[in-house]
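Listed below, chain by chain, are the residues.
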Amino acid sequence: MTRQAIVAANWKMNGDSALVDAMVSGMADVELASNVDVVICPSSPYLSALSQKINSAKLNEAINVGSQNVNEHDSGAFTGEISTAMLKDLNINYVIVGHSERRSIYKETSTQVAKKVQAALNAGLTPILCIGESEAERATEQTETVLSAQLQPVIDEVGIEKFSGVVIAYEPVWAIGTGKTASSAMAQETHQFIRQFLAQQNELVAAKVPLLYGGSVNAANCEELFAQADIDGGLIGGASLKAEQFKVICSAAKGK
Ligand code: PGA
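Residues numbered from 1 in each chain as written. Predicted model: local features only at pLDDT ≥ 70, side-chain atom pairs only at ≥ 80, totals over all residues. Heavy atoms only, no water.

(A) How the structure looks around the overall build of the protein chain. Within the protein chain, the regular secondary structure consists of 11 helices and eight strands. A globule of 256 residues ought to have a C-alpha radius of gyration of about 18 Å, and the protein chain, at 17 Å, matches this closely. When its C-alpha atoms are laid out on the principal axes, the protein chain stretches across 45 × 45 × 35 Å. Taken across its 256 residues, the protein chain has 54% of its residues classed as buried. A total accessible area of about 11,200 Å² is found for the protein chain, and carbon and sulfur atoms account for 50% of it. Counting 19 positive and 28 negative side-chain charges, the protein chain places the averaged centre of each group 2 Å from the other. (Helix = DSSP H or I, 4+ residues; strand = E, 2+ residues; numbered from the N terminus. Rg over C-alpha atoms; globule rule 2.2 N^0.38 Å. Buried < 20%, exposed > 50% of the residue type's maximum accessible area, 1.4 Å probe, protein only. Areas by Shrake-Rupley, 256 points an atom, 1.4 Å probe, with all protein chains shown as cover. Lys, Arg positive; Asp, Glu negative; His and termini not counted. Charge placed at Lys NZ, Arg CZ, Asp CG, Glu CD.)

Shown next, in the form of structure tokens:
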């Protein structure tokens, strides 16, 4: 079995033109294993510049640009939103969907997230579907129920076969931006649950879906996390804002 590894940078509402330049020059000599994709997701005003600069610097073709969000509608009166067609127009091929900050601050529901995943797939974009439980849900042993309830509406919307074109990022909400990483054993246990949940619906697809871990991943803890059997890379927030750290994390990823 070969499964793609992916390291994705989620800049959130951080960064500027100087960071775009620093990242492009920093990534010029990054060493990547053969089946690793890197995806850098800046805020939307920087998508175009980042994409163009990566091309003109002739960076490793495994380095991609992704959006942090997309709208589920094709076009129209949705002020402030970005469509899948706009992303395709800019040669963007990945999009983060359903990040916990979108779910909690902007009240995105799993039904809406499912529509976004469908729109992304229809347009030929690879969605990075984020799921994860809160601290209270983990403490009351609801993790598996919550993850199932976040995944199933997406499976119902797009069909399990289409998950071969989906990347899942498991991000325990209590580990995001807090410095509290899940232990590698806890992360592996949850990733294994997610893969088994998919396998109950389609084993071949489950074996192929890259499962990324996210939540306070950094240059010091990435190697141990990425060594786990069901962890295929990471979604990196804070540590992706420094090219040197991000490079180390990218180099630690290996396909399985
Ligand atoms: P963090 O963020 O690495 O800063 O914890 C991860 C994320 O929210 O994607």
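(B) Spatial organisation of the nonpolar core. Formed by 71 residues in total, the largest nonpolar core has its most connected members in Phe163, Ile168 and Phe246. Among all residues touching Ile168, those that are not within four sequence positions of it are Leu129, Ile131, Leu151, Phe163, Ile194, Leu198, Val209, Pro210, Leu211 and Leu212. With 12 residues, the next largest nonpolar core counts Ile6, Tyr94, Val167 and Ala169 among its residues. (Core = buried A, V, L, I, M, F, W, Y, C linked by side-chain atoms within 4.5 Å. Contact = heavy atoms within 4.5 Å.)

(C) Just the packing of helix α5 (residues 110-122) against helix α7 (residues 143-158), in detail. Remark: α5 packs on α7, axes separated minimally by 8 Å, with the N-to-C direction vectors making an angle of 45°. Comparing their axes, α7 and α5 come out oblique. As α5 runs across α7, the sense of the crossing is right-handed. Facing α5, whose interface residues are Ser110, Val113, Ala114, Lys115, Val117, Gln118 and Leu121, α7 presents Ala149, Gln150, Pro153, Val154, Glu157 and Val158. In terms of residue class, the contact of α5 with α7 is made up of eight nonpolar, three polar and two charged. (Axes fitted to C-alpha atoms, helices over the stretch in contact; angles between N-to-C directions. Parallel < 35°, antiparallel > 145°, perpendicular 65-115°, else oblique. Left-handed = near helix turned anticlockwise from the far one by under 90°. Nonpolar A, V, L, I, M, F, W, Y, C, P; charged D, E, K, R; others polar.)

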